[in-house]
Amino acid sequence: CSAAGGPVVLAAATSSRLDAVCTEGVWTGPKVTVDLLTSTDGGTSFGPSRPVPVTSADAAAATGASTVAVGATVSGTNSVNVALEMTFDNGASWHAVYRQAGGGWLELGFTTVQQGVAIVLGAWHANTMLFTTDGGRHWAPVSFR
């Protein structure tokens, strides 16, 4: 990723499987793309590259052998929004599982294969905690009241 002119976000599902989400072209241009690269040998080698349908990657988390979550900031017409994209088939297809007005991702992770938590940075420190109990297919805000 560093040779591709952009930052990387790493997610490890096991001690041998490592997913790298690379935002390429940020510093070198002319086009910015986001790609998922997977290593099954603990990071010695990565590939193949699969496109992620976002323009930046702020956070990533992985569970099992084929599930990866990518928290992204996406530019809207009048505002900046956050999106949570998930793949359940090793990057072959992606699903937008959460979108909201916000300023980025403070946390994204899984405590088990089914249970995950995320914190979205909101306006005026009104952050939102999200929770999933179905492996990331659905995320819901947590109420602390």
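Conventions and cut-offs
Residues numbered from 1 in each chain as written. Predicted model: local features only at pLDDT ≥ 70, side-chain atom pairs only at ≥ 80, totals over all residues. Heavy atoms only, no water. Buried < 20%, exposed > 50% of the residue type's maximum accessible area, 1.4 Å probe, protein only. Helix = DSSP H or I, 4+ residues; strand = E, 2+ residues; numbered from the N terminus. Pairing = 2+ DSSP bridges. Contact = heavy atoms within 4.5 Å.

## A few points about the pairing of strand β1 (residues 8–12)
Judged by which residues are buried, β1 turns out to be one-sided: Val-9 and Ala-11 face inward and are buried, whereas Val-8, Leu-10 and Ala-12, on the alternate face, are not. Hairpin connection between β1 and strand β2 (residues 18–24): a loop of five residues separates the two successive antiparallel strands.

## Details of the environment of Cys-1
Summarising the element assignment, Cys-1 is placed in the segment before β1. Note: C-alpha distance between Cys-1 and Ala-101 (100 residues apart in sequence) is 28 Å. When sequence neighbours within four positions are dropped, the list of residues in contact with Cys-1 reads Gly-6, Val-8 and Cys-22.

## Overview of the sheet that holds strand β11 (residues 128–132)
Sheet strands line up and pair through hydrogen bonds in the backbone, either parallel or antiparallel. Here we have four strands laid out as an open sheet, ordered β9-β10-β11-β12, and antiparallel in their pairing. At either margin of the open sheet sits one strand with a lone partner, and together these are β9 (104–110) and β12 (140–141). Here β11 pairs with β12 via two bridges, running antiparallel. Bridge assignment links Leu-130 to a residue of β12, and that residue is Pro-141.

Everything listed here is a matter of geometry and, on its own, says nothing about what the molecule does.
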